[in-house]
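Listed here are the chains, written in short residue letters.
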Amino acid sequence: MIVKLLNSTDLKVALEAGLVCTDNCANIDKYDARNFLSKLIKAGHESVIEHISYSFKIENVSRAVLQELARHRHISLSVKSTRWALKKFANDIPYYYPNYPSGEENIPFENVKSFLKLKELSKELSDTIAKCSVEGIPNDILKYFIQESMCTDLVLSLNARELRHICHVRKSERALKEFQQLCDAIYEQLPEEHKFIYSEYFI
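Thresholds applied
- Residues numbered from 1 in each chain as written.
- Predicted model: local features only at pLDDT ≥ 70, side-chain atom pairs only at ≥ 80, totals over all residues.
- Heavy atoms only, no water.
- 1 Å grid on protein atoms, 1.4 Å probe; cavity = no way out; pocket = protein on both sides within 12 Å on 5 of 7 lines; lining within 4 Å.
- Points joined across faces, edges and corners; volume = space filled by probe spheres on them.
- Helix = DSSP H or I, 4+ residues; strand = E, 2+ residues; numbered from the N terminus.
- Nonpolar A, V, L, I, M, F, W, Y, C, P; charged D, E, K, R; others polar.
- Contact = heavy atoms within 4.5 Å.
- Salt bridge = Lys/Arg side-chain N within 4 Å of Asp/Glu carboxyl O.
- Buried < 20%, exposed > 50% of the residue type's maximum accessible area, 1.4 Å probe, protein only.
- Axes fitted to C-alpha atoms, helices over the stretch in contact; angles between N-to-C directions.
- Parallel < 35°, antiparallel > 145°, perpendicular 65-115°, else oblique.
- Left-handed = near helix turned anticlockwise from the far one by under 90°.
- pLDDT = per-residue confidence, 0-100.

This next bit is on empty space enclosed by the protein. What the rule picks out here adds up to one cavity of 30 Å³ or more. Looking at the largest cavity, its volume works out to about 30 Å³. Sorting the residues of the lining of the largest cavity by element identifies α7 (160–170) and α8 (177–189) as the ones contributing at least two each. Here the lining of the largest cavity is composed, by residue class, of eight nonpolar, no polar and no charged.

Below, the structure is given as structure tokens:
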């Protein structure tokens with residue numbers, strides 16, 4: 001996957017928003033934004049960081065991740081359309097295929113064999129979708145056969161409070177591995193002066 005930060009809000013916007021609450025804006029130059037916001041976050045007063053927003057361009061993530069990302073309500077998504085654009089990229093569609101879990105003892109051979117068969121059938125289906133698209137079968141029909149392993153591109157916009165929530169939920173060891181990787185890639189793209197807001201999830 002590829003993640004690129006398109007835009008971010010200066011921390012001073014959130015600092016000023018916080019100082020408005022105590023009628024202290026006249027003294028803004030006496031405050032350090034990082035220290036001020038860190039104290040608010042630690043105290044659980046996260047509404048102020050909603051004034052910090054980001055936009056990311058994200059490429060080559062599976063539609064499985066897209067489906068889980070869409071469950072987060074306080075975000076904006078613009079996604080490459082299979083309905084309108086499938087024919088443009090039908091012959092060059094990347095897919096995300098996870099590896100079978102390794103390092104576990106006593107994995108039955110039949111499990112691995114069945115898993116490899118799934119990958120084989122999935123590849124056959126993806127090739128057939130591309131062929132049908134070129135042959136003129138309408139996208140409105142083909143989209144019903146698209147697998148969650150098909151990769152897509154999107155632009156994601158959200159505020160810092162929601163990104164903290166996403167990191168809290170999706171950096172868990174129980175979360176989808178690809179989503180964990182997406183969180184890592186987003187964190188790496190954040191401005192250095194913003195990373196303290198999320199650092200507890202990336203230790």
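Before going further, it helps to spend a moment on the side chain of glutamine 180. Position of glutamine 180 among the secondary structure elements: in helix α8. For glutamine 180, the residues in contact, after removing those within four places along its chain, are Arg170, Lys171, Ser172, Glu173 and Ala175.

Let's shift gears to the pattern of salt bridges. With the rule as written, the count across this model stands at 11 salt bridges. Residue arginine 161 is joined to glutamate 50 by a salt bridge in which the shortest nitrogen-to-oxygen separation is 2.6 Å. With arginine 161 in helix α7 and glutamate 50 in the loop between α2 (33–42) and β2 (53–62), the pair connects residues that are 111 residues apart, well separated along the chain. Judged by its relative accessible area of 37%, glutamate 50 is partly exposed. Across the pair glutamate 200 and arginine 164 runs a salt bridge, and its minimum N-O distance is 2.9 Å. In this pair, glutamate 200 sits in the segment after α8 while arginine 164 sits in helix α7, placing the two residues 36 residues apart along the sequence. You can call arginine 164 buried: its relative accessible area is 6%.

Running from N to C, helix α1 (residues 11–21) and α2 cross one another at 60 degrees; their axes reach a closest spacing of 10 Å. If you check the angle between α1 and α2, you find them oblique. In the crossing of α1 with α2, the sense of the turn from one axis to the other is left-handed. Contacts between α1 and α2 involve Leu11, Ala14, Leu15, Gly18 and Leu19 on the former and, on the latter, Ala33, Phe36 and Leu37. Partitioning the contact of α1 with α2 into residue classes produces seven nonpolar, one polar and no charged.

Let us now look at the confidence of the model for the protein. Confidence in the prediction for the protein averages 91 pLDDT; 95% of positions are at 70 or higher. For the protein, the element scoring lowest by mean pLDDT is helix α4 (residues 82–89), at 79; strand β1 (residues 2–8) scores highest, at 98.

Below, the discussion takes up the environment of leucine 86. Note on placement: leucine 86 falls in helix α4. A relative accessible area of 0% places leucine 86 in the buried class. The sequence separation of leucine 86 and alanine 130 amounts to 44 residues, and the corresponding C-alpha distance is 8.6 Å. Setting aside chain neighbours within four positions, we find leucine 86 in contact with Ser81, Ile93, Ser133, Asn139, Leu142 and Met150.

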